[in-house]
Amino acid sequence: MEFPKHYEHANVEPRIRKLWDEHGVYKFDPSDTRPIFSVDTPPPYVSSAHLHVGHAMSYSQAEFIVRYKRMKGFNVFYPMGFDDNGLPTERYVEQKYKIDKSKITREEFVKLCLEETRAGAQVYRDLWESLAISVDWDMTYSTIQPRSVHTAQKSFLDLAQKGLVTRRDEPITWCYTCQTSLAQADIDTEERDTTLNDIVFTGPSGEQLVISTTRPELIPACVALYVNPDDDRYRALVGKKARVPLCDYEVEIRTHEDVAMDFGTGLMMVCTWGDSDDVKKWKEHQLDTRALFTAWGKLNDLGGPYAGMKPDATRAAILKDLEAEGRLLKRSPLRQLVGIHDRCNTPVEFHHSPQWFINVLGGREEYLKRGAELRWYPSHFQVRFDDWVNGLKWDWCISRQRFYGVPFPVWYCAACNAPRIATLAELPVDPMAATPPDGTRCACGHNAFTPEKDVMDTWMTSSLTPLINARWAEDSPLMDRIYPMSIRVQAFEIIRTWLFYTVVKSHHHTDTLPWSDVMISGWGLDDKGKKMSKRAGNFVDPKIVVDKYGADALRYWSAGATLGNDLRYNERDVANGRKLMTKLWNATKFAATQFLNEDGTLRTLVPGDPTLVDRWIRSRLQRVIEDATRYLDRYEYSHALGTVERFFFSEFCDNYIEIVKERFWNPDRFPAGAAEAARFTLHEVGFTVLKLFAPFIPYITDELYQVVYRQGAEPVSIHRAEWPVPDSAQVDEDALEAGRLLIAVLTGARRWKTERQVNQNFPLRRLTISAPAELAAKLSPLSDDLRAAAHAEVLEFASGGDVATEEAAITLALELGEKPPKPKAE
């Protein structure tokens, strides 16, 4: 038969992809009655200009499980989505085209966003297809398409009807750069150097009252001073007033139990608004409002001489003026945690404006119960979910002051400003382009309405991915078949966003979990151990890696991290994957020469008379199937691959194949039927190993299946083949023990040659095994195979010590022969 000498991934991969596409290997069949395995996979932001191997790693790790489940007989529901609406896409378009959003129409801006999302989605698709990510592309969705808009708007209506959605005019976290409100989940914390300033206020009797603050620029927004009610130093001042420095007004001195007496002077300045403590006291005590900053981050007229300045410039100017008046007593360096917007790294501030909120604070206990019902893989990630829920400070702000996103289905009465929410029958709807139906009147009697201009937070839609795919908004029968879904696959850093919000939505909409299992991946790291990111520029382009080594080699690297752990990129590890491809190709090539005819058809194979070694490798294979299956059922893909790889290299290739070669070269030296048994075993074990490798290295395994094992029959692809099932009837405990001893002897003989720098194929004149009688009796039936594998002309046993059945009781005596090495089989 014609068998290519080398595996050429550049020729194989496009051809195998074409085969998969032509035969619909990954298609979900809604009419199929087999059990469904449904996957909720992250819809990536298509605003990414650079994909890196970290992306390839996380998607490949999840896809190992998908391929395994498909071979296990599940009807796999595996769509791919793209998150193409909302702030990330807007920011990308603004930066790419250097756009000032205030100088472009909404229609022009949205058109650019749509163009970029289409281009970005194609970049992702090209990479995922090259990496053999086995999604059904016919089920592709995006978060801005009508089905997703319909689902998000139905979600809004349902939550509003249940009293969980409110519109409130209150301080919210705001990003001056992105010009929008934010939710708690949009904020990261970063440690920065700052300065703690001791500043003098004037007390009611002219005394100095010193406060310590890192935000002197907020002095014109001061609305009260606070002390702890147990602080004796200030008890006489409570209820009196102090004069604000540099400003011509007074504020009341109040008490609150959460004022830290040991921070600074124990006297706290409350402004509107510097942090969440300010907001809390402002709400509880109904303090005055001195909103100091505009939405663009500049001081308004309340700033007096500082009006028009940005925060940093204001801080410098105020400190200079305080020092000039003798009111700046001390400045001390301080490390401080600062809240920053996770999209642009801008420090967030509080800004007062009306927004839509979902009540999540009232559901903490319910969400914790849901988290406990989930099966977490790895289990310790449940702690991150619990910590996030317990640490919630605010309700979920879901409105964004942007152009590109899912519109709220809301209009406002032009007379009284009461919201008019669309009905379910009116969805999907864009209030900027449509008006309420004719005859619609507000409760106040007026019939004129203005549209809501804000759009929904992108997570309002992304949190609905299971319901979008189950077509919940359409009352589809698919809902009952795939929902709740089988598994959510995602990275750990979005537990607080995508996972949490999806649990919230599913709990309130369907009173269920959105999925039964959660599989968490880690980060891809650069060679220095830092997280790869487009922003940091420390990423490796997966296309370059695939072009050089092949997709299977990159997938092999992706399996190097245990579930939930980070993985450092090292090109050497990818190259090791390429070595596995080469070994698999050559081993299959050798085996095929024994069980295929010259025309490539399969010989008539019979079990023959299996030797102890044949029974050993078949027994070991059953244990490997059992272990790999158990690992994959727990999503421990790295352990599964490691188990199969060690068996393939160490036991199948280095030992079994080396042992049975002699049966084909010199069959007369072996019992009748031994060569046939070896052919049968090579075929059965080789094909099973190929199937065990298939979820991890799909291209080469399918190519070898097509060339060697398929023989024109079904299934059309190895990825439609049945996953191996361990057969306890093939497990021979005596053979397993004998094989263990055989490997111990061969390892000793190979070590002896290595120490003498002798080629392993160089023959031995004599191999003498000294062992106790019990060990010798176990090794004796292996004599022919031992002699063949060690390339020994003569193998003999000598009496050994009295130590019982341990390899340490075996000693070897070896003598080199004078013949040239035996040629390797092609």
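Treat the numbers as computed from the prediction; the structure is a model and nothing was measured.

Colleague: So what about the overall build of the chain? Which residues, and what values?
Modeller: Along the chain, the regular secondary structure elements total 23 helices and 28 strands. Taking the principal axes of its C-alpha atoms as reference, the chain extends roughly 110 × 65 × 45 Å. With 826 residues in all, the chain has 57% of them scored as buried. Intrachain contacts of the chain at a sequence separation of at least 6 include 78% that bridge at least 24 residues. Accessible surface, the chain: about 35000 Å² in total, of which carbon and sulfur atoms supply 49%. The positive charge centre, built from 102 side chains, and the negative charge centre, built from 117, are 2 Å apart in the chain.

Colleague: Requested: an account of the nonpolar core, with residues and values cited.
Modeller: Among the nonpolar cores identified, the biggest contains 133 residues, and F652 and L682 are the most heavily contacted of them. Ranked by residues supplied to this core, first place goes to helix α18 (residues 637-665) with 13 residues. Setting aside anything within four residues of it in sequence, one finds L682 in contact with F590, A591, Q594, F595, F652, Y656, I657, V660, F664, F687 and Y709. Counting 65 residues, the second-largest nonpolar core is a separate cluster that includes F28, F77, Y412 and L499.

Colleague: Mind laying out the environment of W128, listing which residues take part and the relevant values?
Modeller: Within the element layout of this structure, W128 appears in helix α4 (residues 106-130). Owing to a relative accessible area of 0%, W128 belongs among the buried residues under this scheme. The spacing of W128 and H446 is 318 residues in sequence and 54 Å in space, taken between C-alpha atoms.

Colleague: Please set out the pairing of strand β11 (residues 250-255) residue by residue, giving values where relevant.
Modeller: Every regular strand shows the same layout, with side chains that alternate between the two sheet faces. As paired strands, strand β9 (residues 222-227) and β11 are joined by 4 bridges and run parallel to one another. Residue pairing for β11: A224 is matched across the bridge by E252. With 3 bridges joining them, strand β10 (residues 241-243) and β11 adopt antiparallel strand pairing. Each bridged residue has a counterpart across the sheet, and for R243 the counterpart in β11 is E250. Count of turn residues in the β10/β11 antiparallel hairpin: 6 residues, of which L246 carries a positive phi of about 70°.

Colleague: Any details on the sheet that holds strand β1 (residues 36-40)? Residues and values, ideally.
Modeller: Taken together, the 5 strands give an open sheet; going across it, the order is β2-β1-β22-β23-β15, and neighbouring strands pair in parallel fashion. Among the strands making up the open sheet, the edge pair consists of β2 (75-77) and β15 (375-377). With direction set aside, neighbouring strand axes in the sheet form an average angle of 20°. Sheet analysis places β1 next to strand β22 (residues 485-491), joined by 2 bridges and oriented parallel. Within β22, the residue paired with V39 across the bridge is I487.

Colleague: Can you tell me about the packing of helix α15 (residues 551-558) against helix α16 (residues 571-595), naming the residues and giving the values?
Modeller: In helix packing, the relevant descriptors are the interaxial angle and the interaxial distance, both defined with respect to the helix axes. Between α15 and α16, the least distance of the axes is 8 Å, while the angle of their chain directions is 120°. The angle between α15 and α16 falls in the class oblique. Relative to α16, the crossing made by α15 is right-handed. Residue-level inspection shows D552, A553, L554, Y556 and W557 of α15 in contact with α16, the latter providing D573, V574, N576, G577, R578, L580 and M581.

Colleague: Quick one: what's the story with the side chain of R618, residue by residue and with numbers?
Modeller: Within the secondary structure layout, R618 lies in helix α17 (residues 612-633). No salt bridge forms around the buried R618; measuring N to O, its nearest opposite-charge neighbour D614 is 5.4 Å away. Apart from the residues lying within four places of it in its own chain, the contact partners of R618 are P607, P610, A677, F680, T681 and Q730.

Colleague: Residue-level account of the packing of aromatic side chains, with values.
Modeller: Tallying each qualifying case throughout the model produces 37 aromatic pairs. Among the aromatic residues, those joined into a ring-pair cluster are Y367, W376, F385, W396, W459, F500 and Y501.

Colleague: Explain helix α7 (residues 311-324) to me, using residue names and the numbers behind them.
Modeller: Taking 1.5 Å as the rise per residue, α7 with 14 residues should run 20 Å; its terminal C-alpha atoms sit 20 Å apart, in good agreement. For α7, the set of buried residues is P311, T314, A317, I318, L319 and L322. Summarising the contacts, the buried residues of α7 are in contact with β7 (187-202) and β13 (328-341). G326 lies just past α7 and shows a positive phi near 75°.

Colleague: Give me the lowdown on the pattern of salt bridges, citing residues and values where you can.
Modeller: Per the stated rule, a full pass over the model turns up 57 salt bridges. Between K27 and D138 there is a salt bridge, with the nearest N and O atoms lying 2.7 Å from each other. Of this pair, K27 sits in the loop between α1 (9-22) and β1 while D138 sits in the loop between α4 and β4 (141-142), placing them 111 residues apart in sequence. Salt-bridge contacts for E349 lead to R215; the nearest nitrogen and oxygen are separated by 3.0 Å. Linking E349 in strand β14 (residues 349-358) with R215 in the loop between β8 (208-213) and β9, this pair joins segments that are 134 residues apart in sequence. One exposure class covers both E349 and R215, and it is buried.

Colleague: How would you summarise the sheet that holds strand β18 (residues 410-413) if you had to cite specific residues and measurements?
Modeller: Sheet architecture is open: 3 strands sit in the order β19-β18-β20, paired in antiparallel fashion. Sheet topology places β19 (419-421) and β20 (449-451) at the edges, where each strand pairs with a single neighbour. Recorded for the sheet is a direction-independent mean angle of 35° between the axes of neighbouring strands. One ladder, built from 3 bridges, connects β18 with β19; its direction is antiparallel. Counterpart to V410 in the pairing with β19 is I421.

About the criteria used
- Residues numbered from 1 in each chain as written.
- Predicted model: local features only at pLDDT ≥ 70, side-chain atom pairs only at ≥ 80, totals over all residues.
- Heavy atoms only, no water.
- Helix = DSSP H or I, 4+ residues; strand = E, 2+ residues; numbered from the N terminus.
- Buried < 20%, exposed > 50% of the residue type's maximum accessible area, 1.4 Å probe, protein only.
- Contact = heavy atoms within 4.5 Å.
- Areas by Shrake-Rupley, 256 points an atom, 1.4 Å probe, with all protein chains shown as cover.
- Lys, Arg positive; Asp, Glu negative; His and termini not counted.
- Charge placed at Lys NZ, Arg CZ, Asp CG, Glu CD.
- Core = buried A, V, L, I, M, F, W, Y, C linked by side-chain atoms within 4.5 Å.
- Pairing = 2+ DSSP bridges.
- Axes fitted to C-alpha atoms, helices over the stretch in contact; angles between N-to-C directions.
- Parallel < 35°, antiparallel > 145°, perpendicular 65-115°, else oblique.
- Left-handed = near helix turned anticlockwise from the far one by under 90°.
- Salt bridge = Lys/Arg side-chain N within 4 Å of Asp/Glu carboxyl O.
- Phe/Tyr/Trp six-rings, centres within 6.5 Å; stacked < 30°, edge-to-face > 60°.
- Expected span 1.5 Å × (residues − 1).

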